[in-house]
Structures are given as C-alpha cells and as structure tokens.
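Report on the structure
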Amino acid sequence: ITTVNGEFSPVAYKTKRNPDIIFEHEPIEKVFLAVEQAYHINLIYPKTGLKNYYFSGSFNLEEDSLTRVLHIISETNNLNIIKLKSGYRITKSTE
C-alpha cells in the first residue's frame, strides 16, 4: 500500500506512480479507508461490528473498477454491499 507516515495516501500514490494497493492481513477499516480515498467515494459500515475482519489482496487502481474491488472484499469477508446515492453501505451477511 502506498503510504505516508503509515497511512494510505492518494497523493503518495500519484507521486510514486504506483497504481497498486497491496493489503496483507489489514484490518477491514483500513482497507475501506484506502478504497474511499483511492476511488473518491463514501463507504458506510459499522465501525465496531467489523473489528475482527481483515483483508489480504491487491488491486490495480488503473485496471480494477470500484465494483470489482468491492465485490472481492465483500466476497472474501462475507459482507453485503448496497449502492446508495451517497456511496455504498456495507453490512455483515446474515448467511
């Protein structure tokens, strides 16, 4: 993941010209923050309800659509994604 002081930074991404975001067992909250910043969207999710959720994987910001990124994250964590006018709502799957 492209970072500045340990946090994802779209500015660092643009400066380094590195289109990849790489996550290795990152808390899902940090993954969502990176996706929000990279794709300039709003994600609504339960801040406390996903504390034990993690994600490992990588995305290419120039090739992977937001839809694909959200689909992969939701499938690997058994989450539901609902498109809203103001962004996306993410909830735990009830299955």
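Residues numbered from 1 in each chain as written. Predicted model: local features only at pLDDT ≥ 70, side-chain atom pairs only at ≥ 80, totals over all residues. Heavy atoms only, no water.

Bringing the environment of Ile28 into the picture now. With respect to the element layout, Ile28 can be found in helix H2 (residues 28-39). In this structure the C-alpha to C-alpha distance between Ile28 and Lys47, which are 19 residues apart in sequence, comes to 9.7 Å. Residues in contact with Ile28, not counting those within four places in the same chain, are Leu50, Tyr53, Tyr54, Phe55, Ile73 and Asn77. (Helix = DSSP H or I, 4+ residues; strand = E, 2+ residues; numbered from the N terminus. Contact = heavy atoms within 4.5 Å.)

Turning to the environment of Phe32, a few remarks are in order. As for its position among the elements, Phe32 is in helix H2. Its relative accessible area of 1% is what places Phe32 among the buried residues. Separated by 10 residues in sequence, Phe32 and Asn42 place their C-alpha atoms 9.3 Å apart. With residues up to four places along the chain from it excluded, the contact list for Phe32 reads Leu43, Tyr45, Leu50, Ile73, Leu79 and Ile90. (Buried < 20%, exposed > 50% of the residue type's maximum accessible area, 1.4 Å probe, protein only.)

Moving on, we come to the pattern of salt bridges. Counted by the stated rule, this structure contains 1 salt bridge. Asp64 is the salt-bridge partner of Arg68, the closest N and O atoms lying 3.0 Å from each other. Arg68 gets classed as partly exposed once you look at its relative accessible area, which sits at 47%. (Salt bridge = Lys/Arg side-chain N within 4 Å of Asp/Glu carboxyl O.)

Here we take up the confidence of the model for the protein. Scored by pLDDT, the protein comes out at a mean of 82, with 79% of its residues at no less than 70. Between the elements of the protein, mean pLDDT differs from a low of 46, seen in helix H1 (residues 10-16), to a high of 96, seen in strand S4 (residues 43-44). Here residues 11-15 is modelled with pLDDT under 50, and outside its nearest four sequence neighbours on either side it reaches 8 contacts, counting other chains as well. (pLDDT = per-residue confidence, 0-100.)

Here we come to the pairing of strand S6 (residues 79-84). Note: S6 against strand S7 (residues 87-92), 6 bridges, orientation antiparallel. Within S7, the position partnered with Ile82 by the bridge is Arg89. Where S6 hands over to S7, the hairpin turn is made up of 2 residues, counted between the paired strands. (Pairing = 2+ DSSP bridges.)

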